[in-house]
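Chains, contacts and geometry: an overview
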Amino acid sequence: MTPTRTTKLERGRGALGPALELVHTGRAPTRAVLTAELGVTRATAGAVAAELEALGLITVDSRPAVAAGSQGRPSHRLSVDPEGPVVLAAQVHADGFRAALVGLGGRIVATVPGAVTVEADPAQVLTEVVGAGAGLLRETGRRCLGAGLAVPSAVAEPEGTALNPLHLAWPPGAPVREIFTRCLAEAGVTGPSGDAPATGFAANDVNLVALAEHRHGAGRGARDLLCVATGHRGVGGALVLDGRLHTGSSGLALEVGHLTVDPDGRSCHCGGRGCLDVETDPLAFLEAAGREPGPETGLLKRALELLRTEYATDPAVRDAAHLLIDRLGLGLAGLVNILDPDRIILGGLHRALLEADAERLQNVIAERSLWGRDGGVPVLACALDYSGLVGAAELAWQPVLDDPMTVARG
């Protein structure tokens, strides 16, 4: 490195993390944009970009194609390195798991599902999912920088315990982060150094959907983003405030599944009745449509398939969808009154209900919320495939985004 470039980089050393996050989230596609976003000189931005490229995190195209009709020299193009390091992402749900390798930019490099019975001991399924991820690392030969886990439970911070895994057989308070980290060590999954085990992180799955969508999907650009989604069972919610995931004082914020939308409705495992959790999830839809739900595993898949294939032709399916849309809209209206988000995104079965009749859902929200009558809050479908996995990867990428030099120190 030349003395001049060293001086410029030293001035911009504190900008490495912010610069990497801008490229990671697609907000700095060129060096000119990076310069403006960081508020530094073009020379300093160039040195920062060159250092991130030397670390194997981004690529810099110094000779991009010139668009037809444009004038002047085009700015260097910046993008995440498609051959760069990855993190291991894992998601556990009622009927198994999915593991993936995820690069910067939320890119899924490789993924594999696992259909297993999730038993009471979290180590059982976590050993399997880590083993699947380790297999992907061996197959691809990629360097691993960390690991993140999404679980269908509130996760207490900073302990990493699953407080209420209502739809799994795990005991309340299961130390999932500790077990996950131990499984990584036993499987030989290492971190940046290549010697020490990878650091494991864990969080609620819908929180991670919101994080992924805010950085890479339908929530990009929103300041105050509300995310509501179904899993295989139940309903979860998450909130991004001022660009940051809001988890409350101990990681338990936004248990939206236990908002009451029908006081005379089904009994809920929380002790209440008519909660969003039991009135708008896949089981509720299948029962309302007069279909035999079958085993708990695969409920979401069966509900989505029924809605996709028979909504237009079967009045019972259409009526069931309208019933759930009305209940969902009532719950969302209450959340709009309390939180005043500038965007709502929906995942799982709720995404499919939105796509089936967006106008009906928007009308219910507008009729029942104070602010909705003035134009309404935009309601969008989640845009990412495997958004829970991408969010789990964001947990693992965060230390690198905070300090990209950890890659070099490894």
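Quick caveat, the model's predicted, so the values are computed rather than measured.

Each value, and the rule that gives it
Residues numbered from 1 in each chain as written. Predicted model: local features only at pLDDT ≥ 70, side-chain atom pairs only at ≥ 80, totals over all residues. Heavy atoms only, no water. Domains from an automatic or database assignment. Contact = heavy atoms within 4.5 Å. Buried area = accessible area lost by both parts, 1.4 Å probe. Helix = DSSP H or I, 4+ residues; strand = E, 2+ residues; numbered from the N terminus. Nonpolar A, V, L, I, M, F, W, Y, C, P; charged D, E, K, R; others polar. Buried < 20%, exposed > 50% of the residue type's maximum accessible area, 1.4 Å probe, protein only. Polar contact = N/O pair within 3.5 Å; in protein donor to acceptor, adjacent residues only side chain to side chain. Pairing = 2+ DSSP bridges. Axes fitted to C-alpha atoms, helices over the stretch in contact; angles between N-to-C directions. Salt bridge = Lys/Arg side-chain N within 4 Å of Asp/Glu carboxyl O.

Let us look at the domain arrangement of the protein chain. Each assigned domain of the protein chain is listed with its residue range as follows: domain 1 (8–80), domain 2 (86–207 + 387–407) and domain 3 (220–381). Here the C-alpha centre of domain 3 lies 26 Å away from the C-alpha centre of domain 2. Contacts between domain 2 and domain 3 engage 13 residues on the former and 20 residues on the latter. Here domain 2 meets domain 3 over a buried area of about 1400 Å², counting both sides, of which 59% is carbon and sulfur. Looking only at domain 2, the three residues that lose the most surface to domain 3 are His167, Val206 and Asn207, adding up to 45% of its buried area. Those elements giving two or more residues to the side of domain 2 that touches domain 3 turn out to be strand E7 (155–156) and helix H7 (205–216). Of the residues in the side of domain 2 that touches domain 3, the class split is seven nonpolar, four polar and two charged.

Before going further, it helps to spend a moment on unusual backbone geometry. Here the amide bond leading from Glu157 into Pro158 is cis, since omega sits at 0°, within 30 degrees of zero. When you line up the elements, Pro158 lands in the loop between E7 and strand E8 (161–162). Backbone geometry places Asp340, a non-glycine residue, at a positive phi of 50°. For Asp340, the location among the structural elements is in the loop between helix H11 (315–339) and strand E13 (343–347).

This part takes up the side chain of His24. Along the polypeptide, His24 turns up in helix H2 (residues 16–24). A relative accessible area of 2% places His24 in the buried class. Of the polar contacts made by the side chain of His24, one reaches the backbone nitrogen of Gly105; its length is 2.8 Å.

Right, let's talk about the sheet that holds strand E5 (residues 108–114) for a bit. Read across the open sheet, the five strands follow the order E5-E4-E3-E6-E9; overall the sheet is mixed. Whereas interior strands pair on both sides, the edge strands pair on one side only; in this sheet they are E5 and strand E9 (200–204). Across the sheet, the mean angle from the axis of one strand to that of its neighbour is 20°, orientation sign disregarded. Here strand E4 (residues 96–102) runs beside E5; their pairing, made up of six bridges, is antiparallel. By the bridge assignment for E5, Val102 is matched with Ile108. Here helix H5 (residues 122–140) sits on the sheet and contacts strand E3 (86–93), E4, E5 and strand E6 (144–151); the angle it forms with E4, its principal contact strand, is near 30°. The strands touched by helix H6 (residues 176–186) within the sheet are E6 and E9, with E9 carrying the most contacts at an inclination of about 145°.

Inspection of the entire model under this criterion finds 15 salt bridges. Two residues, Arg223 and Asp242, come together in a salt bridge whose shortest N-O distance is 3.0 Å. With Arg223 in the loop between H7 and strand E10 (224–230) and Asp242 in the loop between strand E11 (235–241) and strand E12 (244–246), the pair connects residues that are 19 residues apart, well separated along the chain. According to the relative accessible area criterion, Asp242 is exposed, its value standing at 55%. Across the pair Arg351 and Glu355 runs a salt bridge whose closest N-O atoms are separated by 3.4 Å. Separated by four residues within a single helix, Arg351 and Glu355 lie in helix H12 (residues 349–356), roughly one turn from each other. Judged by relative accessible area, Arg351 falls into the partly exposed class, the value being 27%. Residue Glu355 is classed as exposed on the basis of its relative accessible area of 56%.

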